[in-house]
Amino acid sequence: MSNWPDWFQDQLELASEQQASYSSEGKNLFTQMDQFKTNQNEDIQHLLSEWEEAIGYQLSQDKQSIYMEGVKDGIRLILPVIQPTAIR
């Protein structure tokens, strides 16, 4: 990566550090949630599991929507470069 400007390398390093921090915090949160669920009765454990499943599904739908918007944006950016005579 020595061909990249210093400011770009700095941004990549900062993003990598932030990602590691978020990952660590996320693992800690899941551990705490598992401990909390273990200390509950079966009915509450079942409700918490259903809640986690619903939240997980919603998050995956949100991520898929964001991804598709990114793909559309990328196509809108690259299409005029590939086909400069195309109508925008």
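Residues numbered from 1 in each chain as written. Predicted model: local features only at pLDDT ≥ 70, side-chain atom pairs only at ≥ 80, totals over all residues. Heavy atoms only, no water.

Participant: Go over the overall build of the protein chain, please, and point to the residues and values.
Facilitator: A count of helices and strands for the protein chain gives two helices and zero strands. Relative to the compact-globule value of 12 Å for 88 residues, the protein chain shows a C-alpha radius of gyration of 21 Å, a clear excess of over 25%. Oriented by its inertia axes, the alpha-carbon framework of the protein chain measures out at about 65 × 35 × 10 Å. Taken over 88 residues, the protein chain has a buried fraction of 2%. In the form shown here, the protein chain has an accessible surface area of approximately 8200 Å², with 58% of it arising from carbon and sulfur atoms. Taking the 6 positively charged and 14 negatively charged side chains of the protein chain as two groups, their mean positions are separated by 12 Å. (Helix = DSSP H or I, 4+ residues; strand = E, 2+ residues; numbered from the N terminus. Rg over C-alpha atoms; globule rule 2.2 N^0.38 Å. Buried < 20%, exposed > 50% of the residue type's maximum accessible area, 1.4 Å probe, protein only. Areas by Shrake-Rupley, 256 points an atom, 1.4 Å probe, with all protein chains shown as cover. Lys, Arg positive; Asp, Glu negative; His and termini not counted. Charge placed at Lys NZ, Arg CZ, Asp CG, Glu CD.)

Participant: With reference to specific residues and values, describe the pattern of salt bridges.
Facilitator: This structure, assessed with the given rule, holds three salt bridges. For Glu69, the salt bridge goes to Lys72, with nearest N and O atoms at 3.6 Å. Here Glu69 and its partner Lys72 are both found in helix α2 (residues 42-82), three residues apart, which amounts to about one turn of the helix. Residue Glu69 is classed as partly exposed on the basis of its relative accessible area of 38%. Residue Asp73 is joined to Arg76 by a salt bridge in which the shortest nitrogen-to-oxygen separation is 2.6 Å. With a gap of three residues between them, Asp73 and Arg76 both fall in helix α2, about one helical turn apart. Assessed through its relative accessible area of 38%, Asp73 is described here as partly exposed. (Salt bridge = Lys/Arg side-chain N within 4 Å of Asp/Glu carboxyl O.)

Participant: Describe a negative patch on the surface, naming the residues involved and giving the relevant values.
Facilitator: The grouping of Asp6, Asp10, Glu13 and Glu17 at the surface amounts to a negative patch. By secondary structure assignment, the location of Glu17 is in helix α1 (residues 6-38). (Patch = residues over 30% accessible without salt bridge, like charges linked within 9 Å, V, L, I, M, F, W, Y side chains within 5 Å.)

Participant: Let's hear about the side chain of Lys37: which residues, and what values?
Facilitator: One can find Lys37 in helix α1. Polar side-chain contacts of Lys37 include one of 3.4 Å to the side chain of Ser49. (Polar contact = N/O pair within 3.5 Å; in protein donor to acceptor, adjacent residues only side chain to side chain.)

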